[in-house]
Amino acid sequence: MNSQQLEKFSKMQLPLWDKLPSLGLHLDQVIGLANGYLETLEVDPLTSTMMHNYLKQSVIMRPDDKLYGRMQLAAVIVIGCLKGVLSLDEIRRGFEVELKKNSPKKAYDNFVQAFNNEITYISQRKPRNLWIDLMEENETVSLQHSAIISMLTKKMAQEALTNLEEK
């Protein structure tokens, strides 16, 4: 990766739970915020149709009186990160497993910290033995890191292909 790509990756940081708005949000606000948080990842923008699909497939919880909370916003951010490498059903099942063990806040913050740590490894070119690191983690952490690494590796491959095509 060249320095420009590393700079781009270093900006891919996700907000922790406490940085998400605590007030109830309307659908268009959730979509706008989620797209803003995910913009540096250059994923497909979230649409109202996607949100309705996530609700219909029970990937995210229904809003209270048409107002969405942190839990739904956090879920949509995670979905935005992982939908390119996992199916919606796999993401839903991952949510179920994680929420059996942790509160929504803890589950989301674990994901964000794992994501931001992987970004740090990439952007600072920190050496590591990925397979040993993943095998030493508990299964939940290994699942999160594996999915995040898959997403970031796919992004890196797409960037490399684009750069090669431009040459």
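Below you will find a few notes about this structure. Each chain carries its own residue numbering, running from 1 in the direction its sequence is written. A pLDDT threshold of at least 70 governs which residues receive local features in this predicted model, and a stricter bar of 80 or more applies before side-chain atom pairs are shown or counted, although totals over entire chains, interfaces and linings include all residues. Hydrogen atoms and water are omitted, and side-chain values are computed over all heavy atoms in the structure.

1. Brief notes about the overall build of the protein
Moving on, step 1. Comment: elements are numbered from the N terminus, with helices defined as DSSP H or I runs of at least four residues and strands as E runs of at least two. Counting its regular elements, the protein contains eight helices and zero strands.
Moving on, step 2. Listing the helices and strands of the protein from first to last along the sequence gives α-α-α-α-α-α-α-α.
Moving on, step 3. Think of it in three bands: with a 1.4 Å probe and only protein chains considered, a residue is buried below 20% of the maximum accessible area for its type, exposed above 50%, and partly exposed in between. Split into buried and exposed, the 167 residues of the protein put 38% on the buried side.
Moving on, step 4. Between two residues, a contact is recorded if the distance between any of their heavy atoms is within 4.5 Å. For the protein, the share of sequence-separated contacts (at least 6 apart) that also reach a separation of at least 24 residues comes to 73%.

2. Things to note about empty space enclosed by the protein
Moving on, step 1. Only protein atoms enter the 1 Å grid, on which a cavity is a set of points fitting a 1.4 Å probe that cannot get out and a pocket is an open set with protein on both sides within 12 Å along at least 5 of 7 lines, lining residues being those with an atom within 4 Å of a point. Grid points are joined across faces, edges and corners, and a volume is the space filled by probe spheres set on the points. Enumeration over the complete set of coordinates arrives at one cavity of 30 Å³ or more.
Moving on, step 2. In terms of lining residues, the largest cavity is bounded by L38, V43, D44, L46, Y54, V76, I79, G80 and K83.
Moving on, step 3. In terms of residues, the lining of the largest cavity owes the most to one element, helix α4 (residues 70-82), which gives three residues.
Moving on, step 4. When its residues are assigned to classes, the lining of the largest cavity shows six nonpolar, one polar and two charged. All amino acids are sorted into three groups, where Ala, Val, Leu, Ile, Met, Phe, Trp, Tyr, Cys and Pro are nonpolar, Asp, Glu, Lys and Arg are charged, and the leftover types, Gly among them, are polar.

3. Some remarks on the packing of α4 against helix α5 (residues 88-101)
Moving on, step 1. Lines are fitted to the C-alpha atoms to define the axes, a helix being fitted only along its stretch in contact, and any angle between axes, read from their N-to-C directions, falls within 0 to 180 degrees. Running from N to C, α4 and α5 cross one another at 135°; their axes reach a closest spacing of 11 Å. Judged on the interaxial angle alone, α5 and α4 are oblique. α4 and α5 meet at a crossing whose hand is right-handed. Note on element contacts: α5 touches α4 through L88, I91 and F95, opposite A75, V78, I79 and L82. Just so you know how the angles are binned, under 35 degrees is roughly parallel, over 145 roughly antiparallel, 65 to 115 roughly perpendicular, and the rest oblique. Helix crossings fall into two classes, left-handed where the near helix is turned counterclockwise from the far one by less than a right angle and right-handed where it is turned clockwise.

4. Focus on the side chain of N116
Moving on, step 1. Looking at the secondary structure, you find N116 in helix α6 (residues 104-123).
Moving on, step 2. Classification of N116 as buried rests on a relative accessible area of 13%.
Moving on, step 3. Setting aside residues no more than four positions away along its own chain, N116 makes contact with M12, Q13 and L14.

5. Brief notes about the pattern of salt bridges
Moving on, step 1. For this analysis, a salt bridge means a side-chain nitrogen from Lys or Arg found within 4 Å of a carboxyl oxygen belonging to Asp or Glu. What the rule picks out here adds up to five salt bridges.
Moving on, step 2. E96 is the partner of R92 in a salt bridge, and the nearest nitrogen-oxygen pair spans 2.6 Å. Separated by four residues within a single helix, R92 and E96 lie in helix α5, roughly one turn from each other.
Moving on, step 3. Among the ionic pairs, K105 bridges to D109, the shortest N-O distance being 3.3 Å. Of the two residues, K105 and D109 are both situated in helix α6; the distance of four residues between them amounts to about one turn of the helix.
Moving on, step 4. Exposure remark for K105: the relative accessible area of 34% places this residue in the partly exposed category.
Moving on, step 5. Put simply, D89, R92, R93 and E96 are held in one network by salt bridges that share partners.

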